[in-house]
Amino acid sequence: MDIKNRNLEFNNMPQHIAIIMDGNGRWAKKRLLPRTMGHREGMKSIKRIVEACMELKIQVLTVFAFSTENWRRPQNEVSYLMDLLIEFLNKELQEMHENDIRIKILGDFSSLPKNCVDSIEHALQLTSENQKMTFNLAINYGGRTEILQAVKRLGQEISEGRINTSDISEEVFSSYLYTNTMPDPDLLIRTAGELRLSNFLLWQIAYTELWITDVTWPEFTKEHLLQAITEYQKRDRRFGGLSHQ
Ligand code: FPP
C-alpha cells in the first residue's frame, strides 16, 4: 500500500477506527454462493484491514463480528461464524502477536461455545502486554447491554460504598464499558450501505464521524480505508463548539 502519495495528514489520523462489517450475505448471494462463503471472504478483509491499520499506525481498530441479536440467525450460520472465529485466531494470532497487536473482546464471550472461549482466552492472555495497536473484536456485543452491565456494576459499587454517586463522571462511567480507558472512535465505517448504527458502541460514538459505503465487507480493501480516512480528514470536528476555521 503506497501511503506516501496519499496526501494524508499524519498529524490528523483517527486514533480509533470502528467498523460495522456488513454485506457478507449480499456479497455471497450476488455470486450464487451460500451466505457462509460471504463470511469466509469477510474474514480475509479483516486481515487486510488489520494490516493496513498497522501500517497507518492506528492505535485502536474495532470490528463488529457478532451482535447480541445475531443469535437469531439460523443455527448453521451461527456455528459457522463461531468456527470461523476459531479459524481466524488459529491462523492469525501468532502474526498479530509478533506485530505487537493486543487483542481485546468487546462483549460477553463467556456464553460462546467452549472451544471459542478457550481460543479467545488464549489470544487475550498471549497478547495482553502488546502495545502497537489494540484490535477489538466485538463478539456477542450490544451497545445497550454494554451500558446496562456498566450501570449494574456501578450500582453494586455504590451499594457496597466503594464509590459515591456524585463521583460518577462521564470518564468514570466510560471506564465501566468494555472499551474501558480506550479513546472513543474518531471514525465509524459501515459497509453495504445501510444508514443505521445497529446497537454498536452507542455511548462511545457520541462525536464520531460516520463514513458509509455501498461496498460490501468482502470487497472492502485498503483503498477504501484510505478513502474513508481522507474523507475524515476533511471533516470539521466541532464537538458541539464552533469551527476553528
Ligand atoms: C454482516 O454480514 C456480517 C456479520 C454478521 C458478521 C461479520 C463476520 C465476519 C466478517 C466473518 C469473520 C468473523 C470473524 C470473527 C473472524 P451479513 O451477513 O449481515 O450480510 P447481509 O446484510 O448482506 O446479509
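Residues numbered from 1 in each chain as written. Predicted model: local features only at pLDDT ≥ 70, side-chain atom pairs only at ≥ 80, totals over all residues. Heavy atoms only, no water.

*Asks:* Please explain the environment of Thr221 as it appears in this structure.
*Replies:* Structurally, the position occupied by Thr221 is in the loop between strand S6 (209–212) and helix H7 (222–234). For Thr221, a relative accessible area of 27% puts it in the partly exposed group. Spatially, the C-alpha atom of Thr221 lies 22 Å from that of Arg102, the residues being 119 residues apart in sequence. Other than its neighbours up to four places away in sequence, Thr221 contacts Arg48 and Ile49. (Helix = DSSP H or I, 4+ residues; strand = E, 2+ residues; numbered from the N terminus. Buried < 20%, exposed > 50% of the residue type's maximum accessible area, 1.4 Å probe, protein only. Contact = heavy atoms within 4.5 Å.)

*Asks:* I keep staring at the confidence of the model for the chain and nothing clicks. Help me out?
*Replies:* Close inspection of predicted coordinates is inappropriate for parts of the model with low pLDDT. Within the chain, residue pLDDT values average 96, and 97% of them lie at 70 or more. Mean pLDDT values for the elements of the chain range from 97 in H7 up to 99 in strand S1 (residues 16–20). (pLDDT = per-residue confidence, 0-100.)

*Asks:* Just to check I follow, could you spell out the site of the ligand for this structure?
*Replies:* The full set close to the ligand counts 18 residues, and Met21, Gly25, Arg26, Arg35 and Arg73 are the nearest of them. One nitrogen or oxygen atom from the side chain of Asp22 is found 3.1 Å from an oxygen atom belonging to the ligand. One nitrogen or oxygen atom from the side chain of Arg35 is found 2.7 Å from an oxygen atom belonging to the ligand. When residues of the shell around the ligand are traced back to their parent elements, those giving at least two are helix H1 (24–30), helix H2 (35–55) and helix H3 (75–98). When residues in the shell around the ligand are grouped by element, the largest group, 5 residues, is from H2. Its residues placed into classes, the shell around the ligand shows 8 nonpolar, 6 polar and 4 charged. (Near = heavy atom within 4 Å. Polar contact = N/O pair within 3.5 Å; in protein donor to acceptor, adjacent residues only side chain to side chain. Nonpolar A, V, L, I, M, F, W, Y, C, P; charged D, E, K, R; others polar.)

*Asks:* Looking at this structure, I do not really get the pattern of salt bridges. What am I missing?
*Replies:* Once their charged atoms are close, side chains differing in charge can pair, the charge on each being opposite to the other. Enumeration over the complete set of coordinates arrives at 22 salt bridges. With its nearest N and O atoms 2.8 Å apart, the salt bridge here joins Arg35 to Glu77. You can see Arg35 sitting in helix H2 and its partner Glu77 sitting in helix H3, a full 42 residues away along the chain. Judged by its relative accessible area of 38%, Arg35 is partly exposed. Between Lys47 and Glu51 there is a salt bridge, and its shortest N-O distance comes to 3.3 Å. Residue Lys47 and its partner Glu51 are located together in helix H2, separated by 4 residues, close to a single helical turn. Overall, the relative accessible area of 28% leaves Lys47 in the partly exposed class. In this structure Glu51 comes out as partly exposed when scored by relative accessible area, which is 31%. In this structure, a network of salt bridges that share partners links the residues Lys47, Glu51, Glu55, Glu92, Glu95 and Lys222. (Salt bridge = Lys/Arg side-chain N within 4 Å of Asp/Glu carboxyl O.)

*Asks:* Help me out: how do you make sense of the packing of aromatic side chains in this one?
*Replies:* Aromatic ring pairs are defined here through the distance separating the ring centres and the angle between the ring planes. One pass over the full model with this rule turns up 9 aromatic pairs. Taken together, a centroid distance of 4.6 Å and an interplanar angle of 45 degrees make the contact between Phe173 and Trp203 tilted. Separated by 30 residues along the polypeptide, Phe173 in helix H6 (residues 170–174) and Trp203 in the loop between strand S5 (187–190) and S6 bring together distant segments of the chain. Among the residues examined, Phe173 registers a relative accessible area of 11% and is labelled buried. Taken together, the ring pairs connect Phe64, Tyr141, Tyr178 and Phe200 into an aromatic cluster. (Phe/Tyr/Trp six-rings, centres within 6.5 Å; stacked < 30°, edge-to-face > 60°.)

*Asks:* Any chance you could explain the pairing of S5 here in plain terms?
*Replies:* On a regular strand, one side chain projects to one face of the sheet and the next to the other, so that they alternate. The side-chain alternation of S5 yields two buried faces, one formed by Leu187 and Ile189 and the other by Leu188 and Arg190. Examined bridge by bridge, S1 and S5 share 4 bridges and lie parallel to one another. Bridge assignment links Ile17 to a residue of S5, and that residue is Leu187. Here S5 runs beside S6; their pairing, made up of 4 bridges, is parallel. Its bridge partner being in S6, Leu187 is matched across the sheet by Glu209. (Pairing = 2+ DSSP bridges.)

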